[in-house]
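Listed below are the residues making up each chain.
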Amino acid sequence: MSDEGECKSEQLEKSEEAEEKKEKVEGQEATSPIPNTISVPEVDDTATENKNQSDNHADKTDETSSQDFAAYEEHMTYGADGGAIYTDPSTKQKYKWCATGNNWQPLSIDETVAGQAGDPYENEHYKWCPKTQQWLPKKQETETEHYKWDDEKKKWVPKQPNQEGVYGVDEHGERTYTDKDGVEFFWDATKSAWFPKIDDDFMARYQMNYGFIDNTSAGEKEKAEKEAAEAKRKEEELKRMTAEAEAAMSRDNPASSAAVPTGKRKAQEPPKWFEMDPSQNTKVYVSNLPLDITMDEFADLMGKCGMVMRDPQTQKFKLKLYAEKDGQIKGDGLCDYIKVESVNLALKILDEYNLRGHKIRVQRAQFQMRGEYNPALKPKRKKKDKEKLQKMKEKLFDWRPDKMRGERSKNEKTVIIKNLFTPELFEKEVELILEYQNNLREECSKCGMVRKVVIYDRHPEGVAQINMASPEEADLVIQMMQGRFFGQRQLSAESWDGKTKYKIDESAVEAHERLSKWDEFLAEEETDKKASEEKKEEDVDSPETQLLPGDATP
């Protein structure tokens, strides 16, 4: 018993010394930097001294040392390399056991953060399970981009791509087809073709791609405002044209204009320069362009933000690159869009856009008057050109395709017949053109309805064009006219390719020759007429035709 009491007293003394050392270390840490190596309470000193004592006290010593180690074990962790790390509970300072120096060394801030960031028992996809001693996935994925988990085979199998569509039957018994993009089609038995099924999903996709037409009250109000503005513009244009006509008449007849009394009507204001409303301005001014830019490159650049306007006559883009007198491009240009929304898009996307090392600038086009305004210099559009331009715009923004699936092209309705005549034939007898047209119309009407017959009388190949109502009727005309003889000439018939132009315009020299021949023809006709009249007068005045007195009348 005395030995046990001595042992306990020694343990108490050791623990008190350890606490004193710990307090000293904490004081040093608070007042001075942490040294390179510090001494941590020797937990195992009691156990080593008890080993030197008798074997009777070994069990008691082991129990005591295990209790002391358990007090420190809750503050012990292990790094990625397996080294022990002790965290001081009072200061939260971490120490790492150095096997070479056999002492505890404090961890730096970088090592502490690195130790907190990395966990050796856990990564992005797996976590170590101490019970099963296995790495377990954090989340059980059953499908990836290219593979899918097969529960029956217990392995990953590659996905089978769906290259073709799916055929089926809907609730109404109609045949359906769904392509790989998810678009559903139905079969039209009358036209023998597949057509897209127009439902809410189809309309939603269409509106997302091509925009939304607002049919609400706000949209109707905006439409009414545009119509009112258009009507006002037309009225002002009519007034301006009327004023110009009256001014022209007054210049031609100054006396009559002076005699007209002046009424109470207010005098018409002459046309003047006006600023365009930005909400209706479809033109943008582009500067700082490369000096070697071409018109095609400029068209591709501006076409990124919308459709560029085309000239109704020449069908060329309404683009302009300003140049010097010698033809050198200045580096700025003008673009005319069809929609005002394209202008806003160009200001957002193309402004400060880097084009081959040049940061271009895009802004709304503003026009300034130079000198005095002359309304006669403003180009006047004919009504026919305006209608043509409006039809072109409607066609560009029409979402319907030019032809449906399985439908033949429009140019296949036209038949071209060659080697029908020689141009010299119609120069001698012009009335034969109408005769040839009537003969072709009568013959081709056996195959269907003939819409139009055109004779290109100046073409050297003797070309005639026949427009039928359908491509099938045109095929019958080709079958009937191919290789056929007409006026000792073998004909050739084919479908029009939609591109070739057979009309040949008359040159100035040819027109002069034709008019001179016509004048000669008229002169000869006048000469023959005079000659015939003189002959009749001579016949009347001749003595053979005169009756003497007493002669019987014939």
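Residues numbered from 1 in each chain as written. Predicted model: local features only at pLDDT ≥ 70, side-chain atom pairs only at ≥ 80, totals over all residues. Heavy atoms only, no water.

- By the naming in an unreviewed UniProt entry, the chain is 17S U2 SnRNP complex component HTATSF1, taken from Drosophila simulans.
- For the chain, the Sequence similarities (unreviewed entry) comment in UniProt is given as "Belongs to the HTATSF1 family." (UniProt positions renumbered as here; feature names shortened; annotations may be inferred.)

### A word on the overall build of the chain
So, step 1. Of the regular secondary structure elements, the chain holds 14 helices and 22 strands.
So, step 2. Counting the 554 residues in the chain, one finds 22% classified as buried.
So, step 3. Sequence-distant contacts, at least 24 apart, represent 51% of the contacts inside the chain between residues at least 6 apart. (Helix = DSSP H or I, 4+ residues; strand = E, 2+ residues; numbered from the N terminus. Buried < 20%, exposed > 50% of the residue type's maximum accessible area, 1.4 Å probe, protein only. Contact = heavy atoms within 4.5 Å.)

### Quick notes on the sheet that holds strand β3 (residues 94-98)
So, step 1. Pairing in this open sheet of 4 strands is antiparallel, and the strands run β1-β2-β3-β4 from one edge to the other. Taken across any chain shown, the strands that pair with only one partner, and hence form the sheet edges, are β1 (76-78) and β4 (103-106). On average, each strand axis in the sheet is inclined to that of its neighbour by 35°, with strand direction left out of account.
So, step 2. The sheet contact formed by β1 and strand β2 (residues 84-87) spans 3 bridges and is antiparallel. Opposite Y78, over in β2, you have A84 as the bridge partner. (Pairing = 2+ DSSP bridges. Axes fitted to C-alpha atoms, helices over the stretch in contact; angles between N-to-C directions.)

### A word on a nonpolar patch on the surface
So, step 1. On the surface, a nonpolar cluster with roughly 260 Å² of combined accessible area is contributed by M307, L396 and F397.
So, step 2. Relative to the helices and strands, L396 resides in helix α10 (residues 383-396). (Patch = residues over 30% accessible without salt bridge, like charges linked within 9 Å, V, L, I, M, F, W, Y side chains within 5 Å. Areas by Shrake-Rupley, 256 points an atom, 1.4 Å probe, with all protein chains shown as cover. Salt bridge = Lys/Arg side-chain N within 4 Å of Asp/Glu carboxyl O.)

### Structural notes on the sheet that holds strand β9 (residues 166-169)
So, step 1. Spatially, 4 strands are ordered β9-β10-β11-β12 in an open sheet, and the strand pairing comes out antiparallel. Two strands in the sheet have a free side with no partner beyond their single neighbour: β9 and β12 (193-196). Here the average twist between neighbouring strands, direction ignored, is 35°.
So, step 2. Two elements, strand β10 (residues 175-178) and strand β11 (residues 184-188), share 3 bridges in a ladder whose sense is antiparallel. Paired with T176 across the two strands is F186, which belongs to β11.

### A closer look at the pairing of strand β7 (residues 147-150)
So, step 1. Judged from the 4 bridges that link them, β7 and strand β8 (residues 155-158) form a sheet pairing that is antiparallel. Of the residues in β8, the one forming a bridge with Y147 is P158.
So, step 2. What sits between the antiparallel neighbours β7 and β8 is a turn of 4 residues, in which K154 has the positive phi angle 55°.

### Overview of the nonpolar core
So, step 1. One finds I417, L420, L440 and I455 to be the most contacted residues of the largest nonpolar core, which totals 23 residues.
So, step 2. Listed by contribution, the elements that provide at least two residues to this core are β19 (414-418), α12 (432-444), β20 (450-456), β21 (463-468) and α13 (471-481).
So, step 3. Top contributing element to this core by residue count: α12, with 5 residues.
So, step 4. Look past the residues within four positions of L420 in its chain and what remains in contact with it is Y436, L440, I455, E461, G462, A464, F486, R489 and L491. (Core = buried A, V, L, I, M, F, W, Y, C linked by side-chain atoms within 4.5 Å.)

### Some thoughts on a negative patch on the surface
So, step 1. A cluster of like negative charges, contributed by D519, E520, E524, E525, E526, D528, E533, E534, E537 and E538, occupies part of the molecular surface.
So, step 2. Checked against the element boundaries, E524 lands in helix α14 (residues 508-541). (Lys, Arg positive; Asp, Glu negative; His and termini not counted. Charge placed at Lys NZ, Arg CZ, Asp CG, Glu CD.)

### Thoughts on a positive patch on the surface
So, step 1. Side chains of K395, K410, K413 and R451 sit close together on the surface and give a patch of like positive charge.
So, step 2. Positionally, K410 belongs in the loop between α10 and β19.
So, step 3. Here K410 falls in the exposed class, since its relative accessible area comes to 65%.

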